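# Summary of the model geometry
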Amino acid sequence: MNTDSSNPSEPSESGAPAQSPTAATSELNNLLEIISGTSAAIENIWDGNDGSQKYFEMLRTSVDRAAQVTAQLVEHAGGSDKKVLIHPELAAFARQKNTAPPPAARKRSLLVVDDEPMVLLLAKQILGDAGFEVATAQSGFECLDLFRKRPHHFDLVVLDLSMPFMDGEETFDRLRGIRPDVVVLLSTGFVAQERLDRMLSAGMAGFLRKPHRPDELVANIRAILESVKMSRAGCAADAIASSF
């Protein structure tokens, strides 16, 4: 067996380019995200067909088991071992229950940014079905272009980290340059703990590690939005009180 270290960009024997452990772990989580979302979409189509339920249960169980394995790979590769993390200043306002909040006066608008087209397709379907208005961008550049046109339109940006040319951290920094109070949820398969801490310190609202089930994605987005709403309401009340 050849023990020489190979160039990560060189093709493997199968013809696919070799990847570093961190890149491979991130890719595995992306694929599990797609499988989980696709399974949920198909299950909705087949809802009521009793014969199909046992197979969907097998698929869900397999995805959960695979997610546990990739979580171990994430930790081994030096990534954050957290599944969900909310900025400390927002965590105090997070809802303890998973019930949906009362309907807002208008639809909450989301911008989902990911270089994987299938992830964007599923996210648009899942979040649209949950009552959100959803725009998508396949790169940091496209995200910034959409955001500059309507900087106060988007209530939350769901941002991937591993993207070519401009990664999620640089995209996040540039979004804050356009609108300092932008609410951003990092959703990625792998992020080093040090990097995650740095982004949270810079104002990242939260982190959700892929893969996540559709209901987890919706619940965490609602929790972040509700926490931001309560936090801003509290700040506004403090400002009014201090004026007297």
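As a starting point, this report considers the structure included with it.

Reading the values: rules and limits
Residues numbered from 1 in each chain as written. Predicted model: local features only at pLDDT ≥ 70, side-chain atom pairs only at ≥ 80, totals over all residues. Heavy atoms only, no water. Axes fitted to C-alpha atoms, helices over the stretch in contact; angles between N-to-C directions. Helix = DSSP H or I, 4+ residues; strand = E, 2+ residues; numbered from the N terminus. Parallel < 35°, antiparallel > 145°, perpendicular 65-115°, else oblique. Left-handed = near helix turned anticlockwise from the far one by under 90°. Contact = heavy atoms within 4.5 Å. Nonpolar A, V, L, I, M, F, W, Y, C, P; charged D, E, K, R; others polar. Buried < 20%, exposed > 50% of the residue type's maximum accessible area, 1.4 Å probe, protein only. Pairing = 2+ DSSP bridges. Arc of directions from axis to C-beta. Salt bridge = Lys/Arg side-chain N within 4 Å of Asp/Glu carboxyl O. Polar contact = N/O pair within 3.5 Å; in protein donor to acceptor, adjacent residues only side chain to side chain. Phe/Tyr/Trp six-rings, centres within 6.5 Å; stacked < 30°, edge-to-face > 60°. Right-handed = clockwise from strand over helix to strand, strands pointing away.

One can describe the packing of helix 5 (residues 140–149) onto helix 6 (residues 168–178) by two numbers: an axis separation of 10 Å at closest approach and a directional angle of 15°. As summarised for this structure, helix 5 and helix 6 are arranged roughly parallel, according to the angle between their axes. Where helix 5 crosses over helix 6, the handedness of that crossing is right-handed. Contact residues: helix 5 offers G140, C143, L144, F147 and R148, while helix 6 offers T171, R174, L175 and I178. Class assignment of the residues belonging to the contact of helix 5 with helix 6 gives a composition of 5 nonpolar, 2 polar and 2 charged.

A word on the pairing of strand 4 (residues 156–159). Neither face of strand 4 is exposed, since L156 and V158 on one face and V157 and L159 on the opposite face are all buried. Taken together, the 4 bridges between strand 2 (residues 109–113) and strand 4 define a ladder with parallel strand orientation. Across the sheet, the residue bridging to V112 is V158, located in strand 4. Where strand 4 lies against strand 5 (residues 184–188), 3 bridges are found, and the strand directions are parallel.

With that out of the way, let us pick up helix 7 (residues 193–201). Looking at helix 7, one finds that the buried residues are L196, M199 and L200. Projected down its long axis, helix 7 carries its buried residues within an arc of 100°, all on one side. In this structure, helix 7 carries E194 and S201 as exposed residues pointing more than 90 degrees from its buried face. Positioned one or two residues after helix 7, G203 has a phi angle of 115°, which is positive.

Our focus in this paragraph is the pattern of salt bridges. Counting across every chain of the model gives 10 salt bridges. K210 serves as the salt-bridge partner of D160, at 3.7 Å between the closest nitrogen and oxygen. Linking D160 in the loop between strand 4 and helix 6 with K210 in the loop between strand 6 (206–209) and helix 8 (214–242), this pair joins segments that are 50 residues apart in sequence. Overall, the relative accessible area of 2% leaves D160 in the buried class. Under the relative-accessibility criterion, K210 is labelled buried at 1%. D181 serves as the salt-bridge partner of R179, at 2.8 Å between the closest nitrogen and oxygen. The class of R179 is buried, set by a relative accessible area of 6%. According to the relative accessible area criterion, D181 is partly exposed, its value standing at 38%.

Burial in helix 6 covers these residues: G168, E169, T171, F172 and L175. In a view along the axis of helix 6, the buried residues occupy a sector of 160°, so they form one face of it. Two to three positions downstream of the cap, the backbone nitrogen of E169 sits 3.2 Å from a side-chain oxygen, assigning the N-cap of helix 6 to D167.

Another aspect to go through is the packing of aromatic side chains. Going through the model one piece at a time under the given rule, you end up with 1 aromatic pair. Ring geometry for F147 against F154: centres 6.3 Å apart, planes inclined by 15°, an arrangement best described as stacked. We note that F147, like F154, is buried.

Alternating residues of strand 6 divide into G206 and L208 and F207 and R209, and every residue in both groups is buried. As a crossover connection, the stretch from strand 5 through helix 7 into strand 6 is right-handed.

One can describe the packing of helix 6 onto helix 7 by two numbers: an axis separation of 11 Å at closest approach and a directional angle of 10°. Classed by the angle they form, the pair helix 6 and helix 7 counts as roughly parallel. Side by side, helix 6 and helix 7 meet where G168, E169 and F172 of the first sit next to R195, R198 and M199 of the second. Residue classes in the contact of helix 6 with helix 7 are distributed as 2 nonpolar, 1 polar and 3 charged.

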